[in-house]
Amino acid sequence: REVIVLKFMRVFSKVTFFVLLGLDIFVFSAIFYLGNSLGEKYKVKKGDVLSFNTPIPITAEYKGAKLSESGVSNEIGEEFKVGLKAFGVIPFSTVSVEVVDEMYVAVLGTPFGMKLYTDGVLVIDVTEVQTENGAVSPAEKAGIKKGDYILSADGRAVHTNEELSAVVSESGGEKIKFVIKRAGKKKALLCNPVKSSETGDFKIGLWVRDSSAGIGTLTFYSPMTGVVCGLGHGVCDEDTGELLSLDTGEIVKAEIVSVEKGTSGSPGQLKGKFTYTALGAIDKNSENGVYSLLKGKISLSDLTEIALKNEVKDGAAQMLCTIDGGTPKLYDCKIKKRGSAYMASTQNLTVTVTDKELLEKTGGIVQGMSGSPLLQNGKLVGAVTHVLIDDPTTGYGIFAENMLKTAESVTDNAELKKAS
């Protein structure tokens, strides 16, 4: 009997050990997940609860009060630290919370055209030049790389492809001093043009681009900031994949004339025409959209409240977009917060089109829909940003709160320029 008891105790001890070990691993994994999925700053309206749409329950506590149950009583404008507990008992992080007033914007969903001119000319490829002595690459030898911006050549500012070509052609083969911008820093380089055996002209072996144009969707106009914004993602060069360094640009009204339906492996697109009714200069080309201080006139609907990111719920929503002419229409979709939603400045949501009419006409999300507003429970929760190449019914979206934050920075920068 004693032997049986001892064996039982050993088995029980082993089982207990592995159960506790498994529990420890689960708790550690949960804490690690939360630590890498939640941001450091949040906004909440007075009287509202501070809750998080996460698989693991989180309790937010401030001075003994559970803000995830009783709501926030602090005054608008106050900012304070809140402790977070997993499962209501395990402290794992502290975040900053700001009490804000309700934020309203005019939701748009209308198409717009944009034209951007780069800061200098963008190097999209470095190539060889055929000479009498064989193929050489003066640009590569000089240290010029794909993705560089050429700002000046021999002291002459370079804004267009033609201006760069003129300096190289007139060099007579003498060294040219280039000022380039790479990763935000300026650098001087010397380059020796060579004579092309094919054309007889002096060349350095570069392909460059000085502008970009396209169609997108406007998300909202903020009366508070005076800024209109759209796209939900930055305008990047198609060859380098880098965000275009903006010199000048403008946005204009546009109309959709046709739709190229998207299929798996081949994203479709909205095809439109510019009406050349100017709305304003492009004041900011950022990773989460294109922003402009509105100068022209725009038809405004009733104002809609922006949902804070912690108010957005997984589930049914609506997408406002224009696929014919210039009038937007609401279509059904589903949204889901991504694991990195609270940490990232863009691509916070997964958006899946469920509307039969939209699926029939476009196949789902197509190029040109970027910026289309996402609405849930009467509030603006975000905007469409990208389509998944292998599944046009699904794409990514950005929180509206993140876009409004960038819009506010555009206004702040404009006021600083005026003051200086």
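Preceding this paragraph is the structure being described.
Right, let's walk through the structure included here. If you're wondering where the values come from, they're calculated on a predicted model, not measured in any experiment. (Residues numbered from 1 in each chain as written. Predicted model: local features only at pLDDT ≥ 70, side-chain atom pairs only at ≥ 80, totals over all residues. Heavy atoms only, no water.)

1. A word on the nonpolar core
Within the largest apolar cluster, 26 residues are counted, with the highest numbers of intra-cluster contacts made by M319, I335, L358, M369 and L374. Put simply, the parts of the chain that give this core at least two residues each are strand 18 (246-260), strand 23 (315-321), strand 24 (329-337), strand 25 (349-353) and strand 27 (379-388). If you look at the next biggest cluster of nonpolar residues, it comprises 21 residues, including F220, I306, L404 and V410. (Core = buried A, V, L, I, M, F, W, Y, C linked by side-chain atoms within 4.5 Å. Buried < 20%, exposed > 50% of the residue type's maximum accessible area, 1.4 Å probe, protein only. Helix = DSSP H or I, 4+ residues; strand = E, 2+ residues; numbered from the N terminus.)

2. Some details on the sheet that holds strand 2 (residues 58-62)
Within a beta sheet, neighbouring strands are joined by backbone hydrogen bonds and run either parallel or antiparallel to one another. Across the sheet, which stays open at both edges, the 5 strands sit in the order 1-5-4-2-3 with mixed pairing between neighbours. The sheet is open, and its two edges are formed by strand 1 (41-45) and strand 3 (65-66), each paired on a single side. Bridge count for strand 4 (residues 79-86) against strand 5 (residues 90-100) is 8 bridges, and the pairing is antiparallel. What sits directly across from K81, in strand 5, is S96. (Pairing = 2+ DSSP bridges.)

3. Digging into the pairing of strand 23
Sheet analysis places strand 23 next to strand 24, joined by 7 bridges and oriented antiparallel. Bridge pairing links Q318 to D332 in strand 24. With 2 bridges joining them, strand 23 and strand 26 (residues 373-376) adopt antiparallel strand pairing. Residue Q318 lies in a different strand from strand 26, and its bridge partner there is L375.

4. Some thoughts on unusual backbone geometry
The residue L231 is not glycine, and still its phi comes out positive at about 80°. Tracing the chain through its elements places L231 in the loop between strand 17 (227-230) and strand 18. Of note, N377 is a non-glycine position whose phi angle comes to about 55°, a positive value. With respect to the secondary-structure elements, N377 resides in the loop between strand 26 and strand 27. Relative accessible area serves as the criterion here: at 73%, N377 is assigned to the exposed category.

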